[in-house]
Amino acid sequence: MEPFIQHRELAAWVARVFLGLLFFRQGYDTVFRIGVKNAVASYESHFEQRGLSQVYSRIAGILTAYSELIGGVLIILGLFTTLGYCLLSLNIFIAVIGFLIIHPLPDLTHIFPRLGLLLFVLSLPADWDRYQMDKLLLTITSQ
């Protein structure tokens, strides 16, 4: 008799939810506590010193804040996970580019754990991540 939950399914769920929480929390703080405008202002001058328009820093700030918030929620819930993973991947790319613009040898200590966890979750077989709303919706709609 097969147990209700396999260790690999639990590992996939924990990794996915933890990843989502990391991004969601940062996005939540940026959008609702700090404010996107204030977050952008904290690094806007670095972009200007490199000759980049304020438009770039504002677009980057908006994209990163909302991709963290929305992507994090989607990943936590396991809802539209492909979209969620794309948003989080976009977020990491924008963040790394931003850090490289600010400093040629940036401190990426906040990026690498998220990138590693994202790559780990993406490399897991899809059938391991059984406990998500995407699969529940597929089951309901196929009946």
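Located above this text is the structure these notes cover.
Residues numbered from 1 in each chain as written. Predicted model: local features only at pLDDT ≥ 70, side-chain atom pairs only at ≥ 80, totals over all residues. Heavy atoms only, no water.

> When you look at the packing of helix α2 (residues 36-49) against helix α4 (residues 81-102) in this model, what are you seeing that I'm missing?
Any two packed helices are characterised by the angle at which their axes cross and by the distance between the axes. For the pair α2 and α4, the least separation of the axes is 9 Å and the interaxial angle reads 60°. Classified by the angle their axes make, α2 and α4 are oblique. Judged by the twist between their axes, the crossing of α2 over α4 is left-handed. The segment α2 lies against α4, with Tyr43, His46 and Phe47 engaging Gly98, Ile101 and Ile102. Across the contact of α2 with α4, the residue classes break down as four nonpolar, two polar and no charged. (Axes fitted to C-alpha atoms, helices over the stretch in contact; angles between N-to-C directions. Helix = DSSP H or I, 4+ residues; strand = E, 2+ residues; numbered from the N terminus. Parallel < 35°, antiparallel > 145°, perpendicular 65-115°, else oblique. Left-handed = near helix turned anticlockwise from the far one by under 90°. Contact = heavy atoms within 4.5 Å. Nonpolar A, V, L, I, M, F, W, Y, C, P; charged D, E, K, R; others polar.)

> Explain α4 to me, please; I cannot follow it from the model alone.
An α-helix turns once every 3.6 residues. As a result, residues three or four positions apart point the same way. Taking 1.5 Å of rise per residue, the 22 residues of α4 would be expected to cover 32 Å, and the 31 Å separating its terminal C-alpha atoms lies within 8% of that figure. Of the positions making up α4, those classed as buried are Thr81, Gly84, Tyr85, Leu88, Asn91, Ile92, Ile94, Ala95 and Gly98. On its buried face, α4 is in contact with α1 (7-34), α2, α3 (54-77), α5 (111-123) and α6 (133-142). (Expected span 1.5 Å × (residues − 1). Buried < 20%, exposed > 50% of the residue type's maximum accessible area, 1.4 Å probe, protein only.)

> Got a minute to help me understand the packing of aromatic side chains in this structure?
Think of a pair of aromatic rings as described by two things: how far the centres are apart, and how the planes are tilted against each other in angle. Per the stated rule, a full pass over the model turns up three aromatic pairs. With a centroid separation of 5.9 Å and an interplanar angle of 40°, the aromatic rings of Phe24 and Tyr28 are classed as tilted. On the criterion of helical spacing, the pair formed by Phe24 and Tyr28 is a turn pair, its members being four residues apart in helix α1. Among the residues examined, Phe24 registers a relative accessible area of 26% and is labelled partly exposed. (Phe/Tyr/Trp six-rings, centres within 6.5 Å; stacked < 30°, edge-to-face > 60°.)

> When you look at the nonpolar core in this model, what are you seeing that I'm missing?
Looking at soluble globular proteins, one finds that nonpolar side chains tend to be buried together. Core analysis: the largest hydrophobic core is formed by 13 residues, its most contacted members being Leu19, Tyr85 and Val121. Secondary-structure elements contributing two or more residues to this core are α1, α4 and α5. If near-sequence neighbours (up to four positions away) are discounted, Val121 is found in contact with Ala15, Arg16, Leu19 and Tyr85. In this structure, Val36, Tyr43, Phe47 and Ala65 belong to the second largest nonpolar core, which totals seven residues. (Core = buried A, V, L, I, M, F, W, Y, C linked by side-chain atoms within 4.5 Å.)

> Please explain α2 as it appears in this structure.
Along its 14 residues, α2 runs 21 Å from first to last C-alpha, staying within 8% of the 20 Å computed at 1.5 Å per residue. The largest bend along α2 reaches roughly 40° and is located at Tyr43. Buried residues of α2: Val36, Ala39, Val40, Tyr43, Glu44 and Phe47, and no others. Buried-residue contacts for α2 involve α1, α3 and α4. Just beyond α2, the residue with positive phi is Gly51, at close to 85°. (Bend = angle between axes of the 7 residues up to and from the residue.)

> How should I be thinking about the side chain of Arg114 in this particular structure?
You can see Arg114 is positioned in helix α5. Buried and without a salt bridge, Arg114 has Glu68 as its closest oppositely charged side chain, separated by 6.2 Å. Look past the residues within four positions of Arg114 in its chain and what remains in contact with it is Leu19, Leu22, Phe23, Gln26 and Ile92. (Lys, Arg positive; Asp, Glu negative; His and termini not counted. Salt bridge = Lys/Arg side-chain N within 4 Å of Asp/Glu carboxyl O.)

> I'm lost on a nonpolar patch on the surface in this one. Help?
A contiguous nonpolar surface patch, about 330 Å² in accessible area, is contributed by Val55, Ile59, Leu63 and Leu90. It is α3 that contributes the most residues to the nonpolar patch, three residues altogether. Looking at where Leu63 falls in the secondary structure, it is placed in helix α3. (Patch = residues over 30% accessible without salt bridge, like charges linked within 9 Å, V, L, I, M, F, W, Y side chains within 5 Å. Areas by Shrake-Rupley, 256 points an atom, 1.4 Å probe, with all protein chains shown as cover.)

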